[in-house]
Amino acid sequence: MAAPFEWIRSSRVAVPVIEIIHLLAVALAIGTIMVIDLSVLGLAVRRQAVPRIARELAPWTRAGFGVVFATGILLFSAEAAKMSSKPIFWAKLVLLAGAVAFHLTAHRDLVLPANPLDSARARWTAAASLALWFAVAFGGKAIGLL
Ligand code: HEM
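Here the structure is a predicted model, which is why all the values come from computation and not from measurement.

### Here we look at the overall build of the protein
A count of helical and extended segments in the protein gives seven helices and zero strands. When its helices and strands are written in sequence order, the protein yields α-α-α-α-α-α-α. Projected onto its principal axes, the C-alpha coordinates of the protein cover approximately 55 × 25 × 25 Å. Burial analysis of the protein (146 residues in total) assigns 23% to the buried set.

Okay, structure coming up:
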């Protein structure tokens, strides 16, 4: 299994290209979640019911996360020793685990047609989701800075 990672390490273009794909997939995964959250807050797609928006965007969110994880693992393997020694890398993964757990529990309730949340709770859930994904993205950017 070392060979592909060797190739990534020795190529001048592989890491930047994988990083671009990582960031585009981040935009797709988090962007689709943001559309749902902004709709719950009454700021986007006001003419469609939130459960319907969520249903139609879900395959894009899943595809985005699939590519985010695959490219994230490749980027990690290209610089495994350096990454493992950075607390900010591990902080990003802990934040990511928290954001995914929130997405699969509280946020899932938000978009279930059979289980409408009262609007104050729905708004807090949407705001918390936006804040968590912002924190994960900030953690990702901070890896290169700290
Ligand atoms: C939704 C989840 C994720 C978000 C929002 C995210 C965000 C980011 C961002 C903004 C960057 C900075 C790119 C740059 O500065 O040009 C980055 C880089 C990186 N990400 Fe992620 N990422 C996510 C998931 C993952 C996962 C699951 C892994 C690994 C298991 C990972 C590993 C990396 C690595 C190794 C880098 C390169 C850091 C560097 O060399 O500066 N990411 N990510």
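Back to the write-up after that little detour.
### Quick word on the site of the ligand
Taken together, 20 residues form the shell around the ligand, and within it Gly72, Leu75, Gly140, Ile143 and Gly144 come nearest. Those elements that place two or more of their residues in the shell around the ligand are helix H2 (14-40), helix H3 (50-78) and helix H7 (119-145). Its residues assigned to classes, the shell around the ligand shows 14 nonpolar, four polar and two charged.

### Structural notes on the packing of H2 against H7
Here H2 crosses H7 at 160°, and the two axes come no closer than 9 Å. For the element pair H2 / H7, the angle class is roughly antiparallel. Of the two elements, H2 crosses H7, and the hand of that crossing is left-handed. Each of Val26, Ile30, Ile33, Met34, Asp37 and Val40 in H2 lies in contact with H7, whose residues at this interface are Ala122, Arg123, Ala126, Ser129, Leu130, Trp133 and Ala137. When grouped by side-chain class, the residues that make up the contact of H2 with H7 number 10 nonpolar, one polar and two charged.

### Description of helix H5 (residues 87-104)
An α-helix turns once every 3.6 residues. As a result, residues three or four positions apart point the same way. Given a rise of 1.5 Å per residue, 18 residues ought to cover 26 Å, and the 26 Å separating the end C-alpha atoms of H5 matches this to within 8%. All buried positions along H5 are accounted for by Lys92, Leu96 and Ala99. Take H5 and look down its axis: the buried residues cluster within an arc of 70°, on one side only. Along H5, exposed side chains directed more than 90 degrees from the buried face belong to Pro87, Val94, Ala97, Ala101 and Leu104.

### Considerations on unusual backbone geometry
Despite not being glycine, valine 45 shows a phi value in the positive range, around 35°. Its location among the elements puts valine 45 in the loop between H2 and H3. Taking the C-beta count within 10 Å as the criterion, valine 45 has 15 such neighbours and is therefore assigned partly exposed.

### Topic: the packing of H2 against H3
Direction vectors running N to C along H2 and H3 enclose 155°, while the axes themselves pass 8 Å from each other. If you check the angle between H2 and H3, you find them roughly antiparallel. As for the relative orientation of H2 and H3, their crossing is left-handed in sense. Class assignment for the residues of the contact of H2 with H3 results in 22 nonpolar, seven polar and one charged.

### With respect to H2
In this model H2 runs 39 Å from its N-terminal to its C-terminal C-alpha over 27 residues, within 8% of the 39 Å that 1.5 Å per residue would give. Buried residues of H2: His22, Ala25, Val26, Ala29, Ile30, Thr32, Ile33, Val35, Ile36, Asp37, Ser39 and Val40, and no others. The first or second residue beyond H2 is glycine 42, which carries a positive phi of 80°.

### So, the environment of glycine 66
Tracing the backbone shows glycine 66 in helix H3. In this structure glycine 66 comes out as exposed when scored by C-beta crowding, with 12 C-beta atoms within 10 Å. Residues glycine 66 and alanine 25 lie 41 residues apart in sequence; the distance between their C-alpha atoms is 8.4 Å.

Cut-offs applied
Residues numbered from 1 in each chain as written. Predicted model: local features only at pLDDT ≥ 70, side-chain atom pairs only at ≥ 80, totals over all residues. Helix = DSSP H or I, 4+ residues; strand = E, 2+ residues; numbered from the N terminus. Buried ≥ 20, exposed ≤ 12 C-beta atoms within 10 Å, placed from the backbone. Near = placed C-beta within 6 Å. Nonpolar A, V, L, I, M, F, W, Y, C, P; charged D, E, K, R; others polar. Axes fitted to C-alpha atoms, helices over the stretch in contact; angles between N-to-C directions. Parallel < 35°, antiparallel > 145°, perpendicular 65-115°, else oblique. Left-handed = near helix turned anticlockwise from the far one by under 90°. Contact = placed C-beta atoms within 7 Å. Expected span 1.5 Å × (residues − 1). Arc of directions from axis to C-beta.

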